[in-house]
Amino acid sequence: MSESAPAPEPAAEPGTTFVQVALNLPLRREFTYRLPPGVTARPGNRVRVNFHGRALGGVVTSVAAVCDLPAAKVKPIEAVLDGDLTLPDALLRLAEVMAQTYGCSLGEALDALLPAVAKRRGQRRIPHLEVQAPPDLARQAVHELEDKHQEQSRVLRTVLEYGGPMPVLDVRRRTGTSDSPWQTLVKHGLLKRVLIAEQLEELVPAIEERAVRHELNAHQQRAVDTVAHSIAARTHRTFLLHGVTGSGKTEVYLRILELVREQGRSGIVLVPEISLTPQTVGRFASRFPDVAVLHSGLTSAERGRQWQRLLQGKAKVAVGARSALFAPVQDLGLIVVDEEHESSFKQDSTPRYHAREMAIERGRLEQAVVVLGSATPTLESIGKARRSVYELLTLPERAGAGRLPKIVVQDLRSEPKELRRQGVVLSRTLLVMMQERLAAKDQVLLFLNRRGYSPVLLCPGCGDAVKCDACSVSMTWHARRGRLVCHWCSHEKRRPEICPTCQHAGMHELGVGTERLEQAVKDRFPDAIVARMDADTMAERGAHERVLAAFRKRHIDVLIGTQMIAKGLDFPDVTLVGVVSADTGLFVPDYRAAERTFQLLHQVAGRAGRGEKAGTVVIQTFCPDNYAVEAAARNDYDAFVQQELVFRKLAGYPPFARLLRVLAESRHEAEAQQLLQQAVTPLRGMAGVDVLGPAPAVIARVKEHWRWHMLVKCYQPASFAAAMAAIGTVEDLATRTCRITLDVDPGSLM
Ligand code: ADP
Ligand code: ZN
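Please read these numbers as outputs of a predicted model, since none were measured by experiment.

Moving on to the pattern of salt bridges. Counted under the stated rule, the structure contains 45 salt bridges. The residue R494 makes a salt bridge to D147 at a minimum N-O spacing of 2.8 Å. Here the residue R494 occupies a position in the loop between β21 (492–493) and β22 (508–510), and D147 occupies one in the loop between α3 (135–145) and α4 (150–162), the gap between them amounting to 347 residues. For K384, the salt bridge is made with E357, and the minimal N-O distance between the two is 3.9 Å. In this pair, K384 is assigned in helix α12 (residues 379–386) and E357 in helix α11 (residues 355–366), connecting sequence segments 27 residues apart. Among the residues examined, K384 registers a relative accessible area of 26% and is labelled partly exposed.

What follows is the structure, encoded as structure tokens:
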């Protein structure tokens, strides 16, 4: 776009069509382009355009025959992408709602809606990396590169652990590196770049069992009947299905979906994370012949194919994680949000939408019923149900043979002193019970929400912990790998022999992670087959499915895991669940610390006693009197909610306020601070608004960037809108050296 446009402005050629294009940039306006002769485009088409010399993808939002810009300034679009893939109108409108709600641009919202589908016809060949050197040599190189070329070392190790050709994009994503480390490794003959034809993946993960169609019990029947009214009326309504773990919520979803399918309409089922809920997905896939499973492991070609099937009405049910909400199904009748309390429904990058809230918006736009289900509904959702914004459905008992487990709270303060000093891993009570259950050939689940060997490496001389050089957090000791790892930036380093601060010899491993727990269990039960499931052991392809299959076949006696094992698992022979520490999340500086602890404890406990045999749960804690722990131990959701609501009201947190977080990150602390101090000015004294901060974030520094934030509490919808308007856009606030994040209903306050 040259500044020196010729003086006489030529009129647009007659018959020219102009399009408005929303670009995936943080700019809250659209841009005008024209269609070259012979090219047609509709709203909802993806196009490629030239924007200041850059080729960018965008979405056409409207088409017109006139344009108020001088024609010479209007550039033609370069191409219409994705052939006949057009975003349905309802989804275009949903993107508008999303942009408005979360303060992002329409282009950014649209980008989240559209999958990066195959842009070219035919099969693509995808670059992969595989280990070229002999494995021993490669492993040796991993160690040799560790100090001077850490990123190369990380890349090489990741590909080694993957155990086969790994897509370059996945390598980069998992290691947080650019292209240069792997390119250097290729140059040195350690890795090889290979092109592999993109596979059209099998649709549905192996369905192991056909889900029986149970006779509904009375509670289930009542729930289905209630929803059936809205389905018959074809109107939008939101239901909250509050059912204890194992109460047969999934069966209720299946029946409601049957009703919708009988009308010829379609449904969307959202689950927290597909790899963590294979059983749930399998049940939908086995009951409906026309399911499209949308998971993050799909290649772009496969995702494009699923989109086509849904658009053309060949698939009528979409099952998937957060983004499956945007599945382009025809004639939507139902959206199910299973485990609505799960934090993974909130996206933690722009657009920072919450799939539950957007599901309700989509339901409203398309006159579809929305069913939110959980054993532990969020305070926001239960609050709305109590105010009749949602209709509440309850399943108070376990369905079928299962009974809710007996819960034992083990007060770790009563363990022997020398045990407590080392950090109790397994209390005497838990050990005795494990012994019993393993002798009876039952299975045991041990839950600990902390990976690595120990979360802190501490100097007993001066009390200093080893911190990350780039972040203000202590590094976690990973014994098997023999490295200290920062869980915020993935930076690694060697374990110091002597304290870097005071030269004291011998660092102390403080606290317990899953690796240490695994070791302790193997030491105590040498004959038991023990497996561990966390981000470290699940790096290999298909590892997750393999471990779960082995557990189902009873080839594993004790399964240890992080939150990966907390949900969705239904194994009838698990009669003992041990929560190694109920306290890991209790003291996190977040107003939801208690709620999250309660939810997690309740969900984990729900894994026991799902078959004929009775189940027991042992909760180890130093805080047996904490109300969240106490309520979880009594399986008393209502008591927890009642207490928690009192605290939330006093402190002015959701559901009594809507939160808005503004985070500024810069290499220069003063810049981040000043920027927020300016941003906060128009909010001071605003009615119905309180501001906390600006203040340093809990994690004050990440990847060498200082972090300041402020939390805006808005007590009425009007004050929320006013605050959003006063803060302005990220585009207004951010500078070249200071990044701004605007987060509505933030998931994390760290
Ligand atoms: P939730 O999703 O509420 O945790 P599930 O749907 O997984 O519960 O159901 C728990 C178990 O009860 C499953 O094994 C399921 O097959 C079984 N089940 C569900 N409904 C019934 C019923 N009406 N009669 C007998 N068993 C049932
Ligand atoms: Zn770090």
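We now examine the pairing of strand β1 (residues 18–23). Taken across its six residues, β1 has five buried, putting it largely inside the fold. In terms of strand pairing, β1 meets strand β4 (residues 54–64) through six bridges, oriented antiparallel. Paired with Q20 across the two strands is S62, which belongs to β4. Sheet topology places β1 next to strand β2 (residues 31–34); four bridges connect them, and they run antiparallel. If you follow V21 over to β2, its bridge partner there is F31.

Pairing is antiparallel in the open sheet, where four strands are placed in the order β28-β29-β27-β30. The sheet terminates laterally at β28 (689–702) and β30 (738–744), the two strands that pair on one side only. Across the sheet, the mean angle from the axis of one strand to that of its neighbour is 20°, orientation sign disregarded. The pairing of strand β27 (residues 658–666) with strand β29 (residues 705–714) spans nine bridges and is classified as antiparallel. Bridging across to β29, L660 finds its partner in V712. Most of the contacts of helix α21 (residues 717–727) go to β27, to which it runs at about 15°, and overall it touches β27, β28, β29 and β30.

As a packed pair, α12 and helix α19 (residues 637–651) sit with axes 11 Å apart at the nearest point and diverge in direction by 100°. One element, α12, and the other, α19, form an angle in the roughly perpendicular class. In contact with L379, I382 and R386 of α12, α19 contributes Y637, D638, V641, E644, L645 and R648. Partitioning the contact of α12 with α19 into residue classes produces five nonpolar, no polar and four charged.

What counts and how
Residues numbered from 1 in each chain as written. Chains lettered and ligands numbered in written order. Predicted model: local features only at pLDDT ≥ 70, side-chain atom pairs only at ≥ 80, totals over all residues. Heavy atoms only, no water. Salt bridge = Lys/Arg side-chain N within 4 Å of Asp/Glu carboxyl O. Helix = DSSP H or I, 4+ residues; strand = E, 2+ residues; numbered from the N terminus. Buried < 20%, exposed > 50% of the residue type's maximum accessible area, 1.4 Å probe, protein only. Pairing = 2+ DSSP bridges. Axes fitted to C-alpha atoms, helices over the stretch in contact; angles between N-to-C directions. Contact = heavy atoms within 4.5 Å. Parallel < 35°, antiparallel > 145°, perpendicular 65-115°, else oblique. Nonpolar A, V, L, I, M, F, W, Y, C, P; charged D, E, K, R; others polar.

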